[in-house]
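Working through the structure, step by step
The lines below spell out each chain.
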Amino acid sequence: MLVLGRESNETGIRFAQVRALWHAVARPPVDRFLITNATTDSAQIERAFAAEMLVPAEGLREVVSRVDDPNDDALIEEAAAHFGVSSRVVQHQIENQLLAVA
């Protein structure tokens, strides 16, 4: 069960669900855990896991290969709609998966 402490939209809920999935498959079993906006190593890893699960770098590479500027706002919004995530997740993936290795 996932309990959110504040109202969230569908994309935020999906992101939280995948962050929780990381705990279920990669961490020792516990009855309860918190998903927060902390900057701990564990929180950063779970966010990176969620971003890659929801917006795979390979799939995003195909989407952005059609334009010259991967930071184009219209492209980011289009990719966010395509993957069903927030534009922030797409921007993160572009910066950390596509541009970082270019």
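Residues numbered from 1 in each chain as written. Predicted model: local features only at pLDDT ≥ 70, side-chain atom pairs only at ≥ 80, totals over all residues. Heavy atoms only, no water.

Observations concerning the overall build of the chain
A tally of regular secondary structure across the chain gives five helices and zero strands. When the helices and strands of the chain are read in sequence order from the N terminus, they spell out α-α-α-α-α. With respect to the three principal axes, the spread of C-alpha positions in the chain is 45 × 30 × 20 Å. In the chain, once contacts between residues fewer than 6 apart in sequence are set aside, the share between residues at least 24 apart is 54%. Taken as a whole, the chain presents about 7,100 Å² of accessible surface, with 52% of it coming from carbon and sulfur. Computing the positive centroid from 9 side-chain charges and the negative centroid from 15, the chain places the two 10 Å apart. (Helix = DSSP H or I, 4+ residues; strand = E, 2+ residues; numbered from the N terminus. Contact = heavy atoms within 4.5 Å. Areas by Shrake-Rupley, 256 points an atom, 1.4 Å probe, with all protein chains shown as cover. Lys, Arg positive; Asp, Glu negative; His and termini not counted. Charge placed at Lys NZ, Arg CZ, Asp CG, Glu CD.)

Looking at the pattern of salt bridges
Taken as a whole, this structure holds two salt bridges when the rule is applied. Glu46 is paired through a salt bridge with Arg19; the nearest N and O atoms lie 2.5 Å apart. Residue Glu46 is located in helix H2 (residues 41-54), and its partner Arg19 is located in helix H1 (residues 10-26); the two are separated by 27 residues in the primary sequence. We note a salt bridge from Arg61 to Glu58, for which the minimum N-O separation is 2.5 Å. On the criterion of helical spacing, the pair formed by Arg61 and Glu58 is a turn pair, its members being three residues apart in helix H3 (residues 57-64). (Salt bridge = Lys/Arg side-chain N within 4 Å of Asp/Glu carboxyl O.)

From the geometry alone we can't say anything about function, so treat these as descriptive.
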